Amino acid sequence: CFSLSGHISVCLYAYWGESNVVVLTYTPCVFQVSKKDFDGFKKLFHRFLQVKGPSVDWPKIHRPPEDSIQPYDKIAALPLPDSLADSLNKLVVVKLNGGLGTSMGCKGPKSLISVRNENTFLDLTVQQIEHLNKKYNTDVPLVLMNSFNTDEDTKKILQKYTHHRVKIHTFNQSRYPRINKESLLPVATDIGMTGENADVWYPPGHGDIYASFYNSGLLDQLITEGKEYIFVSNIDNLGATVDLNILHHLVSQPNGKRCEFIMEVTDKTRADVKGGTLIQYDNKLRLLEIAQVPKAHVDEFKSVTKFKIFNTNNLWISLGAIKRLQEQNAMDMEIIVNPKTLDGGQNVIQLETAVGAAIKSFDNALGINVPRSRFLPVKTVSDLLLVMSNLYSLEAGSLTMSQKREFPTTPHVKLGSSFTKVQEYQTRFESIPDMLELDHLTVSGDVTFGKQVSLKGTVIIIANHGDRIDIPAGTILENKIVSGNLRILDH
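Reading guide: rules and limits
Each chain has its residues counted from 1, following the order in which its sequence is written. pLDDT decides what is reported in this predicted model: residues at 70 or higher carry local features, side-chain atom pairs at 80 or more are listed and counted, and totals for whole chains, interfaces and linings draw on all residues regardless. To obtain the side-chain values, all non-hydrogen atoms of the structure were included, while hydrogens and water were left out. Here, strands pair whenever DSSP counts at least two bridges between them. The helix and strand labels rest on DSSP assignments: H or I over at least four residues marks a helix, E over at least two residues marks a strand, and numbering proceeds from the N terminus. Fitted lines through C-alpha atoms serve as axes, helices being fitted only where they are in contact, and the angles separating the N-to-C directions of these axes extend from 0 to 180 degrees. The contact criterion used is simple: two residues touch if any of their non-hydrogen atoms lie within 4.5 Å. Working definition: with a 1.4 Å probe on protein chains only, accessible area under 20% of the residue-type maximum means buried, over 50% means exposed, and in between means partly exposed. UniProt positions are given in the numbering used here, feature names are shortened, and annotations may be inferred rather than shown by experiment. Within this scheme the basic residues Lys and Arg register as positive and the acidic residues Asp and Glu register as negative, but His and the chain ends are omitted. Just to be clear on terms, a salt bridge is a Lys or Arg side-chain nitrogen sitting within 4 Å of an Asp or Glu carboxyl oxygen. Only centres within 6.5 Å qualify two rings of Phe, Tyr or Trp (six-membered ring in Trp) as a pair; their planes then separate them into stacked at under 30 degrees, edge-to-face at over 60, and tilted for everything else. Placement of a charge over a ring requires the Lys NZ or Arg CZ to be within 6 Å of the ring centre, with the centre-to-atom vector within 35 degrees of the ring normal.

The next point concerns the sheet that holds strand β23 (residues 412–415). The strands that make up a sheet pair up through hydrogen bonds in the backbone, lying either parallel or antiparallel. Across the sheet, which stays open at both edges, the four strands sit in the order β23-β24-β26-β28 with parallel pairing between neighbours. In this open sheet, the two edge strands, each paired with only one partner strand, are β23 and β28 (476–483). Taking the axes of each pair of neighbouring strands and ignoring which way they run, one obtains an average angle of 15 degrees across the sheet. Bridge count for strand β24 (residues 434–444) against strand β26 (residues 454–462) is eight bridges, and the pairing is parallel. By the bridge assignment for β26, Ser-444 is matched with Ile-462. Across the sheet, helix α11 (residues 381–388) touches β23 and β24, and the angle it forms with β23 is around 130 degrees.

Here it is as structure tokens:
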């Protein structure tokens, strides 16, 4: 419908069930984008209504065949060609940039948090790709998949990279309405994002990359420019750098057996028991997430002995295959139902998909069991402490474990609630401790660290409620438990 009262508006009628009609009003400038979002949501919602019971039949789950998950060492053993530039010129790096830094107490996009030497996640990404382009004289572009939460702030900051040797493109993932858990009606009353509508829209998970990338026109543009593969990863995974061995493996396959999808997996530890794993299901390689597991089998799913690997969300995907599957409407991903409670107490659900779940739609899909070093996510301030420390060396935007560390495992660090927000954390460390010989660190309560503190072995520091512990400058703590009250006062 069209309204001519001073300006044109466009209405979309959405039918929920037999009798419910929701009218969302758009101005023409956002109509095309909103219509594509709405069409995508409608498909997802209808699938949600049709699916009954668990999405997997547990007895049909099998371990993947041995040749479907290749050890990284086998791929790295193959000699790299002299023409690496040819392979790199077929590649696009895509970073998932839809998340905010709220879990670490920061406003705005998470990618703009400083993680090392005042460099943000985005700075390090640009440095990595620029280094490749300069070293091999190539043109590997960076593509950011933003959300409506991150797009505006990200685009402002991109101006600083104008003179870097990296072409940067962006596109937005979709915007879907949250659904009332009881009525299954959208909570949104109009397309606006302010006031009552501030928290009724959501970005529908990174599985939305396929449709949004295709709808943006950028996918076709990159194919026209001769690009063949994308390397997709979370922007907060500092281990997800372009790997030339995996890239060579992709582009060197004969045409008939071209691998359209590679998922990097790595060995599961006790800290990763909830991570998605690869299984064989209906003769296809498939990603199994914990949300899909029947309650009776959750403990079995978490078993490190039965399911030995988990998905790092580092993915290598054929652009041509994405285009084909989108145009055939053949991209098959399980729906993740994510329950939320809005600020006013209203219970809603949001329907999401995961990018890795599409693996079963692609031909000749493969898993590669990569070293743990390719999975270095920064989800918490505890993770931030690790990557800021001397455990890692920084070169050309890439973090690698310091050669001075005698064993390759990462220490287990658990900082308490006093360290949850980045600003609080920064005030508690005069300088980042030496952690080269650390195995385990637990800190709880009101604790501060002076300059040049060294932590070795297992260190546990607990300040009881009302107490404070100041670790003096130059302290060396090796296999120590510190508790009680220790104050350093100026005189």
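What follows is about the pairing of strand β19 (residues 347–352). Burial of β19 is extensive: five of the six residues sit out of reach of the surface. Of the pairings in the sheet, the one linking strand β11 (residues 179–180) to β19 comprises two bridges and is antiparallel in character. By the bridge assignment, Asn-180 is partnered in β19 with Val-348. What sits between strand β18 (residues 336–341) and β19 in their antiparallel hairpin is a turn of five residues, with Gly-345 showing a positive phi close to 95 degrees.

With numbering matched to this structure, UniProt assigns "binding site: substrate" (unreviewed entry) to His-206. The topology assignment puts His-206 in the loop between β12 (201–202) and α6 (209–216). With a relative accessible area of 25%, His-206 lands in the partly exposed category. Aside from chain neighbours lying at most four places away, what touches His-206 is Leu-96, Met-145, Asn-234, Asn-313, Thr-353, Ala-354 and Val-355.

Bringing the environment of Lys-156 into the picture now. You can see Lys-156 is positioned in helix α5 (residues 151–157). Counting along the chain gives 156 residues from Lys-156 to Thr-312, while the straight-line C-alpha distance between them is 30 Å.

Further remarks concern the environment of Cys-106. By the secondary structure assignment, Cys-106 is in the loop between β5 (91–97) and β6 (114–116). For the pair Cys-106 and Phe-213, spaced 107 residues apart in the sequence, the C-alpha separation amounts to 28 Å. In contact with Cys-106, other than residues within four places in its own chain, are Gly-101, Ile-113 and Val-422.

All right, on to the side chain of Asp-243 then. Among the secondary structure elements, Asp-243 is positioned in the loop between β13 (229–234) and α8 (244–251). Arg-374 provides the closest opposite charge to the buried, unpaired Asp-243, separated from it by 4.1 Å. Once residues lying within four places of it in the same chain are set aside, the contact partners of Asp-243 are Tyr-72, Trp-316 and Arg-374.

Let's shift gears to the pairing of β26. Both β26 and β28 contribute to a ladder of seven bridges, which runs parallel. In the sheet register, Leu-455 faces β28, and the bridge partner there is Leu-477.

Attention now moves to the pattern of salt bridges. Overall, the coordinates contain 23 salt bridges when judged by the stated rule. In this structure, Lys-60 engages Asp-282 in a salt bridge whose closest nitrogen and oxygen atoms are separated by 3.3 Å. On the criterion of sequence distance, the pair formed by Lys-60 in the loop between α1 (28–50) and β4 (69–71) and Asp-282 in the loop between β15 (277–281) and β16 (284–288) is long-range, its members being 222 residues apart. The residue Glu-300 makes a salt bridge to Lys-306 at a minimum N-O spacing of 2.5 Å. One salt-bridge network, in which partners are shared between bridges, spans Arg-286, Asp-332, Glu-334 and Lys-360.

Turning our attention to the packing of aromatic side chains. One pass over the structure, following the stated rule, counts 14 aromatic pairs. Judged by centre distance (6.3 Å) and plane angle (85 degrees), the ring pair of Tyr-176 and Tyr-202 falls under edge-to-face. Separated by 26 residues along the polypeptide, Tyr-176 in strand β10 (residues 176–177) and Tyr-202 in strand β12 bring together distant segments of the chain. For Tyr-176, a relative accessible area of 6% translates into the label buried. For Tyr-202, a relative accessible area of 0% translates into the label buried. Relative to Phe-449, the ring of Phe-429 lies with its centre 4.7 Å away and its plane at 10 degrees, an arrangement referred to as stacked. Note that Phe-429 is positioned in the loop between α12 (422–428) and β24 and Phe-449 in strand β25 (residues 446–449), a separation of 20 residues in sequence. A relative accessible area of 8% means that Phe-429 is categorised as buried. The class for Phe-449 is buried, based on a relative accessible area of 2%. Of the aromatic side chains, those joined through ring pairs into one cluster are Phe-41, Phe-45, Phe-48, Tyr-176 and Tyr-202. Here the guanidinium or amino end of Lys-268 rests over the ring plane of Phe-301, the centre of that ring lying 5.1 Å away. Over the aromatic face of Phe-419 sits the side chain of Arg-428, whose NZ or CZ is 5.5 Å from the ring centroid.

This part covers the UniProt feature "binding site: UTP" (unreviewed entry) in the protein chain. Those residues carrying the UniProt feature "binding site: UTP" (unreviewed entry) are Lys-110, Gln-173, Gly-205, Asp-236 and Lys-379 in this numbering. When you line up the elements, Gln-173 lands in the loop between β9 (168–172) and β10. With near-sequence residues (within four places) excluded, Gln-173 lies in contact with Gly-98, Met-145, Asn-146, Ser-147, Pro-203, Pro-204, Gly-205, Asp-208 and Ser-212. Relative to the assigned elements, Gly-205 resides in the loop between β12 and α6. The class of Gly-205 is buried, set by a relative accessible area of 15%. Leave out the neighbours within four places in its chain, and Gly-205 touches Gln-173, Glu-352 and Thr-353.

Looking now at the environment of Val-447. Within the secondary structure, Val-447 sits in strand β25. Judged by its relative accessible area of 0%, Val-447 is buried. Sequence separation between Val-447 and Leu-247 is 200 residues, and the spatial gap between their C-alpha atoms is 46 Å. Once you skip the residues sitting within four places of it in the chain, Val-447 turns out to touch Phe-419, Arg-428, Ile-461, Ala-463, Ile-469 and Ile-471.

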